[in-house]
Amino acid sequence: MTRPVRVRIAPSPTGDPHVGTAYIALFNLAFARQHRGKFVLRIEDTDQARSNRDSEEMIFASLRWLGLSWDEGPDVGGPFGPYRQSERTAIYQQHAKTLIESGAAYRCFCTKERLEEMRLDQQRFKRSPGYDGRCRDLPPGEVEALVAERAPFTVRLRAPKEEEVVCQDRLRGAIAFQGREIDDQILLKADGYPTYHLANVVDDHLMEITHVIRAEEWISSTPKHVLLYRAFDWPPPEFIHMPLLRNQDKSKISKRRNPCSLNYYRDAGYLPAALLNFLALQGWSMPPKEDGTEVDRFTLEEFFAHFNIDRVKTGGPVFDLKKLEAINGDHIRRKSVDEIAALLKEHAGRWFEKTAHFLHDRLDKLSDFARYTDFLFRDDLGRDPALLRPYAGDRQETAKRLKTLTEEFEQVVPWKPATITDLLARFVARHGLDRKEFFMLLRVAVTGSTVSPPLDESIAALDRFVVLERLRAAAKTIREMKPAP
RNA sequence: GACCCCAUCGUCUAGUCAGGACCAGGACAUCGGGUUUUCAUCCCGGUAACAGGGGUUCAAAUCCCCUUGGGGUCACCA
């Protein structure tokens, strides 16, 4: 008897809800539907420093917005809970202990500092990185003594160095790794929280996950997972690694080169059906009909009806916003006028709520909102180049400053007015810039006008990627300006 | 750098597993034309790809090998 199909997504609640999460969720859900199985949402919040509840809420909200609903999860419960890893630490600790007892794992007393030093050495001598095994074979007596004196420790996987570990991937077949290349990964951190590797394997087993459909970036850690299943004597799930969504230059999709936040797509007015349709086309296509015609515009239900995981292509698809936009347009045109009116109302309403606090003082009549917010909706700013004045008249220097600032904007977390204000203040202070002049330059670069809501609010209201693009465009314009006569 | 994954138009892809009717089909983008008072929609048409080299075979986009190219991973992050 085969076990009922159970799949899961395991997003980490850090930052904005990611388009890649929706992509993987979509394929997991489709697979579950096809097999009349269950789709589980598990929150992987074992990184104390980075995880936060806001982010978790946004994951729920955006997946709901898309209509990708889960059968079990932290919010809806289920028979395999809790579904938040931070609430399962005792389970992981217990399993880590089992591994230590069986010898599949060991306690490591190395400090972060020593590990850092080791890494530097490895770099210096061009040795391949990885734990050097100092604590791997500590005499039992020494370990006991260290434990007795409460020395902090981590738990590491004891990877067999001679063996070959073969992972089976549904789409790629067997993938072999030499034991020598598998690092003695940390399984349990010094703070008592598990790393992804342990938590993921323990939970997938306990939650009876049958198929692990996740992104390709996980392939190289799969042997560690396989080793863990082996150590616990558990049957591994079937692994299905989806291709990675790509930037235009084929690198893994990133918020610097693409809008990645699902909030962006919602706020920009993409329809869930269209986003999903587009995502479904990344690496997958509907089987051609009998007469050979191909259908590439379809609803979620149609996708589910024709879904087959084995049609997934392994090549990495470049995320093409233009195509998404075209598909979105098609989905909009399929709606009735009344439906569009309702959608428009909802969409505009969201923006009004988002911007009312800074519109409040600026409006003499409600329709004035348009002149203060048009920069939020235009793809092309139609900026009057004459408005863009190089700082202190120095074109090259200004372009360079804008570039530096752009790089700093890439790092801002969270993307909020307060953090942006903070960055801006430090930036002008550090470079000794005139606030008035520099901020006006930025205002024009980002909003296309010398009149706009407060800079930090304006910037925060836009998606990070859009701001970066506008800044890059402004720098380019300035760099290429004719020198003043 | 080491290991692993991948490879059809600029982009998403069909075709590849079961080699032949494929001088490679569709979509997006782009170019040209038509409908339309504008714009958009809609319609018609064009440009555009099997990475390279070796094999196997009567026959290769399809099977095998090598090369090249691209990507991912190498954290007390996931």
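Residues numbered from 1 in each chain as written. Chains lettered and ligands numbered in written order. Predicted model: local features only at pLDDT ≥ 70, side-chain atom pairs only at ≥ 80, totals over all residues. Heavy atoms only, no water.

Details of helix α6 (residues 196-206)
Just so we agree on the cut-off: Using a 1.4 Å probe on the protein chains alone, a residue whose accessible area is under 20% of its type maximum counts as buried, one over 50% counts as exposed, and one in between counts as partly exposed. In this description a helix means any DSSP run of H or I spanning at least four residues, a strand means any run of E spanning at least two, and both kinds are numbered starting from the N terminus. We call two residues in contact when some of their heavy atoms are within 4.5 Å.
Counting buried positions over the 11 residues of α6 gives 9, a clear majority of the element. Along its buried surface, α6 packs onto β1 (6-9), α3 (89-102), β7 (186-188), β8 (211-215) and α7 (222-232). With its phi angle positive at about 55°, E208 sits one or two positions after the end of α6.

Focus on the protein's contact with RNA strand B
Just so we agree on the cut-off: What makes a residue near a molecule or strand is one non-hydrogen atom of that residue sitting within 4 Å of it. Distance and chemistry together define a polar contact, namely a pair of N or O atoms within 3.5 Å, with one atom able to donate a hydrogen and the other to accept it when in protein, and with adjacent residues in sequence counting only for side-chain atoms on both sides. Throughout this entry, Asp, Glu, Lys and Arg are counted as charged residues, while Ala, Val, Leu, Ile, Met, Phe, Trp, Tyr, Cys and Pro are counted as nonpolar. The remaining residues, Gly among them, count as polar.
RNA strand B sits among 54 residues. The nearest are R172, K189, G283, E294 and R297. Per the 4 Å cut-off to the protein, sugar and phosphate atoms form 80% of the nearby atoms of RNA strand B. A distance of 2.6 Å separates a phosphate oxygen of RNA strand B from a polar side-chain atom of K252. Interatomic distance of 3.4 Å between a side-chain N/O atom of T314 and a sugar or linking oxygen of RNA strand B. Among the secondary structure elements, those contributing two or more residues to the surface near RNA strand B are α4 (112-124), β6 (173-178) and α11 (321-333). Considered class by class, the residues forming the surface near RNA strand B number 18 nonpolar, 13 polar and 23 charged.

Overview of the domain arrangement of chain A
Filter applied, for reference: Where a domain begins and ends is set by an automatic assignment or by a domain database.
Per the domain assignment, the segments making up chain A are domain 1 (1-73 + 243-334), domain 2 (89-242) and domain 3 (374-479). Look at where the C-alpha atoms of domain 2 and domain 3 centre, and you get two points 45 Å apart.

Examining the pattern of salt bridges
Keep this limit in mind: What counts as a salt bridge is simple: a side-chain nitrogen of Lys or Arg found within 4 Å of a carboxyl oxygen of Asp or Glu.
Tallied over the full model, the rule gives 42 salt bridges. A salt bridge links R33 to E301, with the shortest nitrogen-to-oxygen separation between them at 3.8 Å. With a gap of 268 residues between them, R33 in helix α1 (residues 19-34) and E301 in helix α10 (residues 300-306) connect regions that are remote in the sequence. Its salt-bridge partner being R124, residue D121 comes within 3.2 Å of it at the nearest N-O pair. Here R124 and D121 lie together in helix α4, a separation of 3 residues that amounts to about one turn. Overall, the relative accessible area of 56% leaves R124 in the exposed class. Beyond isolated ion pairs, a larger network of salt bridges with shared partners links R8, R42, E44, R88, D203 and D204.

Here's the deal with the packing of α1 against helix α9 (residues 272-280)
Test applied: Note on method: axes are straight lines fitted to C-alpha atoms, helices fitted across the in-contact stretch only, with angles between N-to-C directions ranging 0 to 180 degrees. Each angle receives one of four descriptions, namely roughly parallel if under 35 degrees, roughly antiparallel if over 145, roughly perpendicular if within 65 to 115, and oblique otherwise.
One can describe the packing of α1 onto α9 by two numbers: an axis separation of 10 Å at closest approach and a directional angle of 75°. In terms of their interaxial angle, α1 and α9 are classed as roughly perpendicular. From α1, V19, A22, Y23, L26 and F27 reach across to α9, where they touch L276, L279 and A280. Residue classes in the contact of α1 with α9 are distributed as 8 nonpolar, no polar and no charged.

Quick notes on the packing of aromatic side chains
For clarity, the cut-off: Pairs were defined over the aromatic rings of Phe, Tyr and Trp, the Trp ring being its six-membered one, requiring ring centres within 6.5 Å. Orientation was assigned from the angle between planes: stacked under 30 degrees, edge-to-face over 60, tilted for the rest. Ring-over charges, as used throughout, are those where CZ of Arg or NZ of Lys falls within 6 Å of the ring centre and within 35 degrees of the ring normal.
Applying the stated criterion across every chain yields a total of 22 aromatic pairs. Judged by centre distance (4.1 Å) and plane angle (15°), the rings of F232 and W234 are stacked. W234 shares its class with F232; the two are buried. A network of ring pairs unites the aromatic residues Y23, F27, W284, F298, F303, F304 and F307 as a single cluster. If you follow R156 out to its NZ or CZ, it ends over the ring of Y131, 3.6 Å from the centre.

Observations regarding the nonpolar core
This is how the line gets drawn: Nine residue types can take part in a nonpolar core, namely buried Ala, Val, Leu, Ile, Met, Phe, Trp, Tyr and Cys, and a core is a set of them joined through side-chain atoms within 4.5 Å.
Ranked by size, the top nonpolar core spans 93 residues in total, and within it F303, F409 and F438 carry the most contacts. In terms of residue count, the dominant contributor to this core is α1 (11 residues). Contact partners of F409, with chain neighbours within four places excluded, come to W415, I420, L423, L424, I459, R464, L468 and L471. Counting 34 residues, the second largest nonpolar core, distinct from the first, contains A104, C167, I209 and W234.

Looking at the sheet that holds strand β3 (residues 105-108)
Just so we agree on the cut-off: Strands are treated as partners if at least two bridges between them are detected by DSSP.
Taken together, 3 strands build an open sheet; the order of strands is β3-β4-β7 and the sheet is antiparallel. If you trace the sheet from one side to the other, it starts and ends with β3 and β7, each paired once. Across the sheet, the mean angle separating the axes of adjacent strands is 45° when strand polarity is ignored. Contacting β3, β4 (154-157) and β7, α3 crosses the sheet at an angle of about 125° to β7.

Examining the packing of helix α14 (residues 395-411) against helix α16 (residues 435-447)
Where α14 contacts α16, the two axes come as close as 12 Å, and the packing angle between them is 75°. Between α14 and α16, the angle is such that the two are roughly perpendicular. Between α14, through T398, R401, L402 and L405, and α16, the contact on the second element is made entirely by F438, L441 and L442. Considering only residue class, the contact of α14 with α16 consists of 5 nonpolar, 1 polar and 1 charged.

Some thoughts on the pairing of β8
Filter applied, for reference: A right-handed crossover is one whose linking path, passing over the helix from the first strand to the second, runs clockwise when the strands point away from the viewer.
By the criterion of burial, β8 is predominantly enclosed, with 5 of the 5 residues buried. Summarising the sheet, β8 and strand β9 (residues 238-242) pair through 5 bridges and their orientation is parallel. Bridge assignment links V212 to a residue of β9, and that residue is F239. Note that the unit made of β8, α7 and β9 has a crossover that is right-handed.

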